[in-house]
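# Descriptive structure summary
Chain residues, written in single-letter form:
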Amino acid sequence: MKSSEPVAPSAPDQSDYTPSWRIRRKLLYLVLGWSAAMVTWLLILGPNDSLHETGLLAITGMTTSLLLGYFGFATLGDRDTLKHRRPRP
């Protein structure tokens, strides 16, 4: 028979936990370094035309969205982890 009672979500198994934040942080540093290098090149060595100005805006927008996305999803992940953590005795 089917039960009409809602089923509570199970807590994540801590034995399967892998620290993916290390990988995400390395990727974040890599993209931030690449973005900084491209912005520096465009500002110092790049020609002053509309194509390079558009590229500069695109790189700045990508960097901003990367930072906001990283910190936003990291906050959501931390919140979910804390929600499923067992209370201390």
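Refer to the preceding data block for the structure.
Throughout what follows, the structure given in this document is the object of discussion. These numbers were taken from a predicted model, which means no experiment stands behind them. (Residues numbered from 1 in each chain as written. Predicted model: local features only at pLDDT ≥ 70, side-chain atom pairs only at ≥ 80, totals over all residues. Heavy atoms only, no water.)

## Considering the overall build of the chain
Threshold: Numbering of helices and strands starts at the N terminus; helices are DSSP runs of H or I of at least 4 residues and strands are runs of E of at least 2. Working definition: with a 1.4 Å probe on protein chains only, accessible area under 20% of the residue-type maximum means buried, over 50% means exposed, and in between means partly exposed. Throughout, the Shrake-Rupley method with a 1.4 Å probe supplies accessible areas, and for residues the shown protein chains are the sole cover considered.
Helix and strand content of the chain: two helices and zero strands. Buried positions account for 9% of the 89 residues belonging to the chain. By element, 65% of the accessible surface of the chain is carried by carbon and sulfur atoms, the whole surface being about 8100 Å².

## Quick look at the environment of Thr40
The cut-off we apply is this: Any pair of N or O atoms that falls within 3.5 Å is considered a polar contact. Within protein, one atom must be able to donate a hydrogen and the other to accept it, and sequence-neighbouring residues count only if both atoms are side-chain atoms.
Inspection of the secondary structure puts Thr40 in helix α1 (residues 20-44). By relative accessible area, Thr40 is classed as partly exposed at 42%. Separated by 16 residues in the primary sequence, Thr40 and Leu56 have C-alpha atoms spaced 9.6 Å apart. Polar contacts involving the side chain of Thr40 include one to the main-chain carbonyl oxygen of Ala36, which spans 2.7 Å.

## Observations concerning the packing of aromatic side chains
Where two aromatic rings form a pair, the distance of their centres and the angle of their planes describe that pair. Heads up, the condition is: Side-chain rings of Phe, Tyr and Trp, where Trp is taken by its six-membered ring, are said to pair if the distance between their centres is within 6.5 Å; with planes under 30 degrees apart they count as stacked, over 60 as edge-to-face, and otherwise as tilted.
According to the stated counting rule, one finds one aromatic pair in the structure shown. Taking the centre distance of 5.3 Å and the plane angle of 75° together, the rings of Tyr70 and Phe71 count as edge-to-face.

## Concerning a nonpolar patch on the surface
Note the following rule: Each patch is built from residues that are more than 30% exposed by relative accessible area and take part in no salt bridge. Like charges join if they lie within 9 Å; nonpolar side chains (Val, Leu, Ile, Met, Phe, Trp, Tyr) join within 5 Å. Whenever a carboxyl oxygen of Asp or Glu lies within 4 Å of a side-chain nitrogen of Lys or Arg, that contact is scored as a salt bridge.
Taken together, the side chains of Trp41, Leu43, Ile44 and Leu45 define a hydrophobic patch exposed on the protein surface, amounting to about 480 Å² of accessible area. Here Trp41 lies in helix α1. On the basis of relative accessibility, which here comes to 39%, the residue Trp41 falls in the partly exposed class.

## What to know about the side chain of Ser35
Defined as follows: When checking whether two residues touch, look at their non-hydrogen atoms; a contact exists if any pair is within 4.5 Å.
Relative to the assigned elements, Ser35 resides in helix α1. A residue is classified by how much of its surface remains accessible, and Ser35, at 2% relative accessible area, is buried. Residues within four places of Ser35 in sequence aside, it is in contact with Ile59, Met62 and Thr63.

## Thoughts on the environment of Gly55
In this structure, Gly55 sits in helix α2 (residues 50-84). In this structure, the C-alpha to C-alpha distance between Gly55 and Val39, residues 16 residues apart in sequence, is 8.9 Å.

## Some remarks on the environment of Ile59
Examined against the element boundaries, Ile59 turns out to sit in helix α2. Looking at Ile59, the relative accessible area reads 11%, which means it is buried. Expressed as a C-alpha distance, the spacing of Ile59 and Val39, which sit 20 residues apart in the sequence, is 7.3 Å.

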